[in-house]
Amino acid sequence: MTFNLPSLPYAEDALEPYYSAKTISFHHGKHHKAYVDNLNKLIAGTELESKGLEEIILAAAGDPARVGLFNNAAQVWNHTFFWHCMKSGGGGKPAGELARRIDQAFGSYEKFAEQFKATAVGRFGSGWGWLVLERDALKLVSTPNAETPMTKGQTALLTVDVWEHAYYLDYQNRRPDFVQAFLDHLVDWDFVTENLARAK
Ligand code: MN3
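Residues numbered from 1 in each chain as written. Predicted model: local features only at pLDDT ≥ 70, side-chain atom pairs only at ≥ 80, totals over all residues. Heavy atoms only, no water.

### Thoughts on the packing of helix 1 (residues 21-43) against helix 3 (residues 67-84)
Quick note on the threshold: Working convention: axes come from line fits to C-alpha atoms, limited for helices to the stretch in contact. Angles between N-to-C directions cover 0 to 180 degrees. Helix and strand assignments follow DSSP, with helices taken as H or I runs no shorter than four residues and strands as E runs no shorter than two, numbered in order from the N terminus. Two helices that cross are described as forming a left-handed crossing if the nearer one is turned anticlockwise from the farther one by less than a right angle, and a right-handed crossing if clockwise. Note on definitions: a residue-residue contact is assigned when non-hydrogen atoms from the two residues lie within 4.5 Å. Residue type decides the class: Asp, Glu, Lys and Arg count as charged, Ala, Val, Leu, Ile, Met, Phe, Trp, Tyr, Cys and Pro as nonpolar, and the leftover types, Gly among them, as polar.
The interhelical angle for the contact between helix 1 and helix 3, taken along N-to-C directions, is 140°, at an axis separation of 9 Å. Crossing hand, helix 1 versus helix 3: left-handed. Where helix 1 approaches helix 3, its residues Ile 24, His 27, His 28, His 32, Ala 34, Tyr 35, Val 36, Asn 38, Leu 39, Leu 42 and Ile 43 are matched on the opposing element by Gly 68, Leu 69, Asn 72, Ala 73, Gln 75, Val 76, His 79, Thr 80, Phe 82 and Trp 83. Residues of the contact of helix 1 with helix 3, tallied by class, amount to 12 nonpolar, 9 polar and no charged.

Structure (structure tokens):
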């Protein structure tokens, strides 16, 4: 099986002015594509060639001989998931069952947002900030580099990419401003709601 770069769920300029077409063009067209290309090279001619992406990630996780394979496969998954976490006109408070679950877990949307931001901004170096479901509990976690929640038995609900390539063209060194804009203007809560429903 050869993996293809998945199409974006919106036009490259759909998230302007909070996430520029220039950033998306490089982030999706160059960074995400490079992970796909590397993954295809690494599985070519191996027993993993016929496997699905999640199966490859779980097979390579924690294997010192397959670090490169894990990194590229997990980054393909993380980026595809990340693109769907955003939409034009997104952000702000969620509604319905998801809002109730967030209030229950964190006290209020405002407290959730504060902790999500602290988790994502506090990740030293490259990585990801996540809202996950673990044994029916909502949790905020961050992962370094390509690490992804599925290897810890957690279900990803929402993520923000905090590698510098994700925000440097638009926000330079201001990671907190990027995460704030992500929360206020970009999050697709319908996607998060679907992920939560699917996890049950
Ligand atoms: Mn990235």
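Now that the structure has been shown, the text picks up again.
### Details of the packing of helix 4 (residues 96-106) against helix 8 (residues 189-199)
Defined as follows: Oblique is the label for any angle not covered by the other classes, which are roughly parallel (under 35 degrees), roughly antiparallel (over 145) and roughly perpendicular (65 to 115).
One can describe the packing of helix 4 onto helix 8 by two numbers: an axis separation of 9 Å at closest approach and a directional angle of 80°. As the angle between them shows, helix 4 and helix 8 are arranged roughly perpendicular. In this structure, helix 4 uses Leu 98, Arg 101 and Ile 102 to contact helix 8, whose residues at the interface are Trp 189, Val 192, Thr 193 and Leu 196. Tallied by class, the residues present in the contact of helix 4 with helix 8 amount to 5 nonpolar, 1 polar and 1 charged.

### With respect to the domain arrangement of the protein chain
Stated precisely, the cut-off is as follows: Domain delimitation follows an automatic or database domain assignment. Defined in terms of a 1.4 Å probe, buried area is the accessible area two parts forfeit on being brought together, summed over both. We define a salt bridge as a side-chain nitrogen of Lys or Arg found within 4 Å of a carboxyl oxygen belonging to Asp or Glu.
We note that the domain assignment places domain 1 (21-84) and domain 2 (96-199) within the protein chain. For domain 1 and domain 2, the distance between their C-alpha centres works out to 20 Å. With 20 residues of domain 1 at the contact, the number on the domain 2 side is 24 residues. When domain 1 packs against domain 2, close to 1,800 Å² is buried across both sides, 73% of that on carbon and sulfur atoms. It is Thr 23, Phe 81 and Phe 82 in domain 1 that bury the most area against domain 2; as a group they hold 34% of the surface buried on that side. The tally of links from domain 1 across to domain 2 stands at 0 salt bridges. Those elements that provide at least two residues to the side of domain 1 that touches domain 2 are helix 1, helix 2 (53-60) and helix 3. Sorting elements by how many residues they give to the side of domain 1 that touches domain 2 places helix 3 first, with 10 residues. When grouped by side-chain class, the residues that make up the side of domain 1 that touches domain 2 number 10 nonpolar, 8 polar and 2 charged.

### Remarks on the packing of aromatic side chains
Heads up, the rule is: Pairing of aromatic side chains here covers Phe, Tyr and the six-membered ring of Trp, requires ring centres within 6.5 Å, and sorts the geometry by plane angle: under 30 degrees stacked, over 60 edge-to-face, intermediate tilted. Partly exposed describes any residue whose relative accessible area lies between the buried limit of under 20% and the exposed limit of over 50%, with all areas from a 1.4 Å probe on protein chains only and scaled to the type maximum.
Counted by the stated rule, this structure contains 17 aromatic pairs. Measuring from centroid to centroid gives 5.8 Å for Phe 112 and Phe 116, while their planes differ by 40°, and the two rings are tilted. Of this pair, Phe 112 and Phe 116 are both found in helix 5 (residues 109-122), 4 residues apart, which corresponds to roughly one turn of the helix. For the pair shown, Phe 112 and Phe 116 are each scored as buried. When the ring of Tyr 167 is compared with that of Phe 178, the centres are 5.7 Å apart and the planes differ by 20°; the resulting orientation is stacked. Linking Tyr 167 in helix 6 (residues 164-171) with Phe 178 in helix 7 (residues 175-186), this pair joins segments that are 11 residues apart in sequence. Accessibility classification places Tyr 167 together with Phe 178 in one group, the buried group.

### Some thoughts on the environment of Glu 164
You can see Glu 164 is positioned in helix 6. The partly exposed category is assigned to Glu 164, whose relative accessible area is 48%. Separated by 22 residues in sequence, Glu 164 and Ser 142 place their C-alpha atoms 15 Å apart.

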